[in-house]
Amino acid sequence: MAKHSSIKQPAAIVIFGGTGDLTKRKLIPAFYNLFLSKHMPEKFRILLLGRNEDKTEQFKKDLFDGITAFSRTGRPDDNNWKIFSGNIFYQQGNFLDNNTFVVLKEQLDAFDKENKQRSLRTFYLAIAPQFIEASAEGLYKNKICNQVKNDRIVVEKPFGTDLASAQKLNAFLQKRFSEKQLFRIDHYLGKETVQNIMAFRFANTIFSPVWNNKYIDHVQISLSEQVSVGKRGGYYDGSGALKDMIQNHLMQLLCVVAMECPGKYDAESIRNAKANVLKKIKPFTEADVFKNIVRAQYTAGTINGQPQQGYLEEENIPPTSTTETFIAAKVLINNERWKGIPFFLATGKSLPKQASVIMIQFKDSPYKIFKDDTVPNRLLISIQPDQEISLLFESKIPGVQMKLKPVEMDFTYKESYTEATPEAYETLLLDVLDGDATLFMRSDQVEAAWKVVMPIINAWKKYPKKQLLKYAAGTWGPQAATSLLKPYAKRWVVLPAPKK
């Protein structure tokens, strides 16, 4: 994570896909909040590249509305917005046309000349995957991103659509740029609670001795989405829950929970530790896929009292689609720390609630002297909607008899800190400007994650309809997902228990 030091060098930020949804909802609000908190360089320029006609006042109004609707700080103050938006410019261009890059180079060189020094240059590729290589080639050919120390490229997920395409894209980019310049972004790693897992594990003596297969029974990592596929059907049907969520978000969460303590707190040590976890995941055989993986599609149902149509009725979804909208998986890690301990991963769309939860279930207590000592210790890390870490343990109920009851010891961000929690993109974009790659995926991590899921992709391709289950929208997925937990657990722990 960035040290939040002030950046003295002028910064030029170029967003490819400058009129897109990601720019409006996430990127500009994040840069604006960094500006408010004085983390942006004193001199900066944000250049939005897009194919739309240049209507400067309209696009700035759209960005203003985006901050008002989606930023944690709400509607911008008029004076702050005037200063901030004065640094935003728009360039119309086609990423497949070299003239776009000729004009871009002129703009960036003029900014350098104005400041009498070379700026830090960040190129954020907020574009469809098919345009990444063409855009990178334009930057390379025109020598716009050719300084290892000053220039970086940010690539959004999905990074490839399978192992072969990820390897091809990595090779393409690494031939033209240094690995140090490539920032493969996964916004989940920028979330405050996810970063806190490392502090929690490695800065507290009490957890280190029990973080292994001797004391832990199993781990659950679940990421439930209440939203349906909606208007993203065209993209989603070619991806599905496995590629869209498991291969990146959930694998990264698994790495943070399972990694060994890095030798020191720096980008390469941490990324080495994460890559080592992925490389030790037990490969799935075809038989394993149909035994230890549950996949399903949502059918019509009700969410929050509102009717939700089934996946096959959604816009741009073929009526014969076998794309999964829900997946649960049992994963094993073949190393000394985790041998024999299952990691259960689950994610799905059109579920009852939006939640991201990591649950560490400890083994039963060794001293069974109390007849009602029936609930093992459990550590629950809630990433969203609540940022919370709670420890479940047994306690005596006040009274004349020895009766036990499970109670929770809670840490919540809301109650413990007065500081505002930055959005994930704020943290990650500041890290990019600082050149800190700690929270970004290295090429070998990306490829190792694809290697884990490729046997699943191949088995489903071979048997497209085998064990493709259904679940009604507004339910927690198919019963088979709960059965997958046996004999370790009776249910998925999706949310913290409601406070009494």
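As the structure is a prediction and not an experimental result, all values here were calculated from the model.

1. Notes on the packing of aromatic side chains
So, point 1. A complete count under the given rule lists 23 aromatic pairs for this structure.
So, point 2. Measuring from ring centre to ring centre gives 5.5 Å for Phe64 and Trp81, while their planes differ by 75°; the resulting arrangement is edge-to-face. Of this pair, Phe64 sits in helix α2 (residues 56-70) while Trp81 sits in helix α3 (residues 78-85), and the two are 17 residues apart along the sequence. Each of the two residues, Phe64 as well as Trp81, counts as buried.
So, point 3. Ring centres 6.3 Å apart and planes at 70° place the aromatic pair Tyr236 and Tyr311 in the edge-to-face group.

2. Re the confidence of the model for the protein
So, point 1. Across the protein, the average pLDDT comes to 89, with 94% of residues at 70 or higher.
So, point 2. Considering each helix and strand of the protein separately, the mean pLDDT is smallest for helix α12 (residues 413-416), with a value of 64, and largest for strand β11 (residues 326-332), with 98.
So, point 3. Below pLDDT 50 for its whole length, residues 1-5 participates in 17 contacts with residues either more than four positions away or in separate chains.

3. Side note on the sheet that holds strand β2 (residues 44-50)
Pairing between the strands of a sheet comes from backbone hydrogen bonds, and it takes one of two forms, parallel or antiparallel.
So, point 1. One open sheet holds the six strands; their spatial order is β3-β2-β1-β4-β5-β6, and the pairing between them is parallel. Of all strands in the sheet, those with a lone pairing partner are β3 (88-92) and β6 (182-184), marking the two edges. Across the sheet, the mean angle from the axis of one strand to that of its neighbour is 20°, orientation sign disregarded.

4. A closer look at the environment of Asn142
So, point 1. For Asn142, the location among the structural elements is in the loop between α5 (132-141) and β5 (151-155).
So, point 2. Placed 348 residues apart in sequence, Asn142 and Lys490 show a C-alpha to C-alpha distance of 59 Å.
So, point 3. When neighbours within four sequence positions are excluded, Asn142 is seen to be in contact with Asn98, Phe101, Val102 and Lys105.
So, point 4. In this structure the side chain of Asn142 is engaged in a polar contact, spanning 2.8 Å, whose partner is the side chain of Asn98.
So, point 5. At 2.8 Å, the side chain of Asn142 and the backbone oxygen of Gly138 are in polar contact.

5. Considering the nonpolar core
So, point 1. Phe16 and Leu104 are the most contacted members of the largest nonpolar core, which has 155 residues in total.
So, point 2. Sorting elements by how many residues they give to this core places helix α9 (residues 240-258) first, with twelve residues.
So, point 3. For Phe16, the contacting residues outside a window of four places in its chain are Leu49, Phe95, Phe101, Leu104, Phe123, Tyr124, Leu125, Ala126, Ile127, Ser135 and Leu139.

6. Quick word on the side chain of Asn248
So, point 1. Looking at the element boundaries, Asn248 is found in helix α9.
So, point 2. Residue Asn248 is classed as buried on the basis of its relative accessible area of 3%.
So, point 3. A distance of 3.4 Å separates the side chain of Asn248 from the side chain of Gln247, its partner in a polar contact.
So, point 4. In this structure, Asn248 is in contact with Lys157, Asp186 and Lys243, ignoring residues within four places of it in sequence.

Here is what the cut-offs are and how they apply
- Residues numbered from 1 in each chain as written.
- Predicted model: local features only at pLDDT ≥ 70, side-chain atom pairs only at ≥ 80, totals over all residues.
- Heavy atoms only, no water.
- Phe/Tyr/Trp six-rings, centres within 6.5 Å; stacked < 30°, edge-to-face > 60°.
- Helix = DSSP H or I, 4+ residues; strand = E, 2+ residues; numbered from the N terminus.
- Buried < 20%, exposed > 50% of the residue type's maximum accessible area, 1.4 Å probe, protein only.
- pLDDT = per-residue confidence, 0-100.
- Contact = heavy atoms within 4.5 Å.
- Pairing = 2+ DSSP bridges.
- Axes fitted to C-alpha atoms, helices over the stretch in contact; angles between N-to-C directions.
- Polar contact = N/O pair within 3.5 Å; in protein donor to acceptor, adjacent residues only side chain to side chain.
- Core = buried A, V, L, I, M, F, W, Y, C linked by side-chain atoms within 4.5 Å.

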